[in-house]
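Here are the chains, one letter per residue:
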Amino acid sequence: MSAHQPEQRPDAEPIIEWTEEGVPHRARWRSEAGMPPPRRVVIADDRTDADTAYRLACEGTALLWRGDFQNARQLLQAMARRVERKPRRAQRQAKAKPAPATPAEAFHLHRQAQAQRARTLGMLLLPFESDHTVPLRRAPDVREACTEAYGPGDQPYVASMRELLGLIGAHEWRKKGVPVPALGDRIHPWYGVFSPVRGEYVDLVGQAPLPAALARESLAFDIGTGTGVLAAMLARRGIARVVATDQDPRALGCAADNIARLGLTGQVEIVQADLFPSGRAPLVVCNPPWVPARANAPIEHAIYDPDSRMLRGFLAGLAAHLTDDGEGWLILSDLAEHLGLRPRETLLGMIDAARLQVLGRIDIKPRHPRAADADDPLHAARAAETTSLWRLAPKAAAQPG
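Residues numbered from 1 in each chain as written. Predicted model: local features only at pLDDT ≥ 70, side-chain atom pairs only at ≥ 80, totals over all residues. Heavy atoms only, no water.

### Digging into the overall build of the chain
- Along the chain, the regular secondary structure elements total 13 helices and 15 strands.
- Within the span of the chain, comprising 401 residues, buried residues form 50% of the whole.
- Considering only contacts in the chain between residues 6 or more positions apart, those separated by 24 or more positions represent 68%. (Helix = DSSP H or I, 4+ residues; strand = E, 2+ residues; numbered from the N terminus. Buried < 20%, exposed > 50% of the residue type's maximum accessible area, 1.4 Å probe, protein only. Contact = heavy atoms within 4.5 Å.)

Following this line, the structure appears as structure tokens:
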């Protein structure tokens, strides 16, 4: 086995380099998580044991697999068990350290651990042919899953096995769909587009009283539509025209696909925009990322939003995009408050600075399993979490409700 330093070329396609049987090799590097090409690469196969693989991965050395595909999958599982089972020395050091002083500190330590785990397990690499075929024994046909995430193949490349398994899982979700009880139907999420697995926020949009202003003009905006699930919910509630926006090409394609599957193309228009479309509407809905923190990978941008950029942008621009006596619906979890990342006073200050007033609020408790998992590092915050639909209006037009 031998290591090689990859060539670093600014503004160029990422390249991974390695030496195999004394011959230098190079290939395109793919990482939807945005990880750079590993700086050290060795060849591994069915003779490579889990302890060796885990040690090399922890040291920052990637393993390019040349053995049986299913053996590589088992090796990754064994490496994951070693990540969870910390060495005794690390356990003693952890016990010697004081417990996190604040929920925010516990959150940041948890995120660091998640990032480190992803880096370590991302060190088991697979080769791909130009048509997305994996040229290994017992490898499944992953061409469709890879095409959905990467687009049509044009040249051989290398990617991590962990990422491939994520692509395969996303492909299955896209095929089967995710049941959304409030919608009475299924939503088919695409890879990289946040799936509506937490249905309580859809329930809120299905239950909130519609603004009276919709009687004069049956129009709503759905800001940051993602899969299109909230736009579909608004259309199913009888709103004649819904304009759904997003700036991510995958989300736009995913939303259009779901709206077509649901037979709502005549009611819902999908528009590429950073936040608002042009014009005003009696109802403007937004479900922004809930946690003001840096995403570890591009795929996490639907959950983490540094400095609450989307939340601030929605609130700041809402009044200018509402008709007289219209309403803005902000769907937001208070998890960030329980984690000490954004106090309630900060949110209320944003609303006030945007010259908005709260007409009312509808709350719902989360139903996801982690809320009841006492072993979750963030259990206290998750157990206390509430998701709310804030009914907002410009101060001048606000009426009690």
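And the narrative resumes.
### What about the side chain of Arg-30?
- Relative to the elements of secondary structure, Arg-30 occurs in the loop between strand E2 (23-29) and strand E3 (40-44).
- One buried charge, Arg-30, has no salt-bridge partner; the nearest side chain with opposite charge is Asp-154, at 4.4 Å.
- Apart from the residues lying within four places of it in its own chain, the contact partners of Arg-30 are Tyr-150, Asp-154, Tyr-157, Val-158, Ala-159 and Glu-163. (Lys, Arg positive; Asp, Glu negative; His and termini not counted. Salt bridge = Lys/Arg side-chain N within 4 Å of Asp/Glu carboxyl O.)

### Focus on the packing of helix H2 (residues 69-84) against helix H4 (residues 103-121)
- Two numbers describe how H2 lies on H4: the axes approach to 10 Å, and their chain directions differ by 150 degrees. When the axis of H2 is compared with that of H4, the two are roughly antiparallel. Helix-helix and strand crossings are classified by hand; for H2 and H4 the assignment is right-handed. Listed contacts from H4 to Leu-76, Met-79, Ala-80, Val-83 and Glu-84 of H2 are Arg-117, Thr-120 and Leu-121.
- Counted by class, the contact of H2 with H4 contains five nonpolar, one polar and two charged residues. (Axes fitted to C-alpha atoms, helices over the stretch in contact; angles between N-to-C directions. Parallel < 35°, antiparallel > 145°, perpendicular 65-115°, else oblique. Left-handed = near helix turned anticlockwise from the far one by under 90°. Nonpolar A, V, L, I, M, F, W, Y, C, P; charged D, E, K, R; others polar.)

### Thoughts on empty space enclosed by the protein
- Per the counting criterion, the structure on display carries one cavity of 30 Å³ or more.
- If you add up the space inside the largest cavity, you get close to 40 Å³.
- Looking at the largest cavity, the residues that line it are Leu-332, Ser-333, Asp-334, Glu-337, Arg-344, Leu-347, Thr-386, Ser-388 and Trp-390.
- At the level of secondary structure, the elements contributing two or more residues to the lining of the largest cavity comprise strand E13 (322-333), helix H12 (344-353) and strand E15 (387-394). (1 Å grid on protein atoms, 1.4 Å probe; cavity = no way out; pocket = protein on both sides within 12 Å on 5 of 7 lines; lining within 4 Å. Points joined across faces, edges and corners; volume = space filled by probe spheres on them.)

### Things to note about the sheet that holds strand E9 (residues 219-223)
- Pairing is mixed in the open sheet, where seven strands are placed in the order E11-E10-E9-E12-E13-E15-E14. Looking at the sheet topology across the chains shown, the edges are occupied by strand E11 (268-272) and strand E14 (356-364). Shown here is a sheet whose adjacent strand axes are inclined to one another by a mean of 20 degrees, direction ignored.
- In this sheet, E15 lies alongside E13 in antiparallel orientation, the contact comprising six bridges. Counterpart to Leu-332 in the pairing with E15 is Ser-388. (Pairing = 2+ DSSP bridges.)

### Examining the packing of aromatic side chains
- Applying the stated criterion to the full structure yields three aromatic pairs.
- Each ring, one from Phe-128 and one from Tyr-157, has its centre 4.6 Å from the other, and the planes form 5 degrees; the classification is stacked. Of this pair, Phe-128 sits in strand E5 (residues 124-128) while Tyr-157 sits in strand E6 (residues 157-160), placing them 29 residues apart in sequence.
- The buried category is assigned to Tyr-157, whose relative accessible area is 2%.
- Residues Tyr-150 and Tyr-157 carry aromatic rings whose centres are separated by 5.6 Å and whose planes lie at 85 degrees to one another, so their mutual orientation is edge-to-face. (Phe/Tyr/Trp six-rings, centres within 6.5 Å; stacked < 30°, edge-to-face > 60°.)

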